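Now for the letters of each chain:
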Amino acid sequence: MESLFVVIGVIVILCILVVGYFLFLRRVRVRVRKAWLNVYEMFLARADRVPLLVELVRGEVPGHESLLQELIGVRVATAGKALPTQEKRVAEEALGEVLARVVGEIEHHEKLQGSAMFAALLSEFSRWDAEFELAMIGYRRSLAVYQSLAFGSLPDGYEIFS
């Protein structure tokens, strides 16, 4: 009879450990999603400022229409991709590259030098770049913890990208 109680006790303890492990894994998955949402919000904030930059440049510095159209096209390509997939990362990198080219070509233009709006936009874009890198570090760390606890698997729809 005593051995029966010991077996039942061991089974109960194992069940508690398994349930606790999966609850902890669920908390880590939520942490991964929050980390990604932090990154995604930065993507959206940056993309939302692109039309303002385009209109400002279009009004002040004519002659960059093809580059501005490319910027608008890349911004549209990034919209609607909420999960951290490689496709999303490539689209966001393309947006960053085109933004850098636009800013590089027009930042020293005399009509924009005195524009407080242009200076504020440049400041926002560089702040987002720095914050984005920190947010990506947090996302990668959260994902690595999840992956180590979940026997190498990732949450559904999530990918690791550099």
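Residues numbered from 1 in each chain as written. Predicted model: local features only at pLDDT ≥ 70, side-chain atom pairs only at ≥ 80, totals over all residues. Heavy atoms only, no water.

## Quick look at the nonpolar core
At step 1: Counting 21 residues, the largest nonpolar core has L53, L71 and V102 as the members making the most contacts within it.
At step 2: Of all the secondary structure elements, the ones that give two or more residues to this core are α1 (2–60), α2 (65–78), α3 (86–106) and α5 (116–149).
At step 3: For this core, the leading source of residues is α1, giving six residues.
At step 4: Excluding residues that lie within four positions of it along the chain, L53 makes contacts with L71, L99, V102, F118, L121 and F125.
At step 5: Judged by nonpolar contacts, the second largest core, of 16 residues, contains A35, Y40, M136 and L143. (Core = buried A, V, L, I, M, F, W, Y, C linked by side-chain atoms within 4.5 Å. Buried < 20%, exposed > 50% of the residue type's maximum accessible area, 1.4 Å probe, protein only. Helix = DSSP H or I, 4+ residues; strand = E, 2+ residues; numbered from the N terminus. Contact = heavy atoms within 4.5 Å.)

## Let's talk about the packing of α3 against α5
A pair of packed helices can be characterised by two numbers: the angle between their axes and the separation between those axes.
At step 1: Where α3 meets α5, the axes come as close as 12 Å, and the angle between the chain directions of the two elements is 150°. Viewed along their axes, α3 and α5 adopt a mutual orientation that is roughly antiparallel. By crossing handedness, the relation of α3 to α5 is classed as left-handed. Counted together, R89, L99, V103 and I106 of α3 and F118, L122, F125, F132 and R140 of α5 form the full contact between these two elements.
At step 2: Of the residues in the contact of α3 with α5, the class split is seven nonpolar, no polar and two charged. (Axes fitted to C-alpha atoms, helices over the stretch in contact; angles between N-to-C directions. Parallel < 35°, antiparallel > 145°, perpendicular 65-115°, else oblique. Left-handed = near helix turned anticlockwise from the far one by under 90°. Nonpolar A, V, L, I, M, F, W, Y, C, P; charged D, E, K, R; others polar.)

## Remarks on the packing of aromatic side chains
At step 1: Counted according to the given criterion, the structure contains six aromatic pairs.
At step 2: Between the aromatic rings of F43 and F132, the centroid separation amounts to 5.1 Å while the plane-to-plane angle is 40°, which identifies the pairing as tilted. With F43 in helix α1 and F132 in helix α5, this pair connects stretches of sequence that are 89 residues apart. For the pair F43 and F132, one class covers both residues: buried.
At step 3: Chaining the aromatic ring pairs together yields one cluster made of W36, Y40, F43, F132 and Y139. (Phe/Tyr/Trp six-rings, centres within 6.5 Å; stacked < 30°, edge-to-face > 60°.)

## Describing a nonpolar patch on the surface
At step 1: Together, M1, L4, F5, I8, V12 and I16 make up an exposed nonpolar region whose accessible area comes to about 650 Å².
At step 2: Within the secondary structure, I16 sits in helix α1.
At step 3: Note on I16: relative accessible area 57%, which makes it exposed. (Patch = residues over 30% accessible without salt bridge, like charges linked within 9 Å, V, L, I, M, F, W, Y side chains within 5 Å. Areas by Shrake-Rupley, 256 points an atom, 1.4 Å probe, with all protein chains shown as cover. Salt bridge = Lys/Arg side-chain N within 4 Å of Asp/Glu carboxyl O.)

## Some details on the confidence of the model for the protein chain
At step 1: Mean pLDDT over the protein chain: 81, with 91% of residues reaching 70 or higher.
At step 2: Taken element by element, the protein chain is modelled with least confidence in helix α4 (residues 110–113), mean pLDDT 75, and with most confidence in α1, mean pLDDT 86. (pLDDT = per-residue confidence, 0-100.)

## Brief notes about the pattern of salt bridges
When the charged atoms of two side chains lie near each other, side chains of opposite charge can form a pair.
At step 1: Here the structure, examined in full by the defined rule, presents four salt bridges.
At step 2: For D129, the salt bridge goes to R46, with nearest N and O atoms at 3.8 Å. One end of the pair, D129, is in helix α5; the other, R46, is in helix α1, and 83 residues separate them in sequence.
At step 3: Among the residues examined, R46 registers a relative accessible area of 9% and is labelled buried.
At step 4: Here R101 makes a salt bridge to E70, at a shortest N to O gap of 2.6 Å. Taken together, the residues span a long stretch of sequence, with R101 in helix α3 and E70 in helix α2 at a distance of 31 residues.
At step 5: Given a relative accessible area of 39%, R101 falls into the partly exposed group.
At step 6: Take E70: its relative accessible area is 32%, and that puts it in the partly exposed class.

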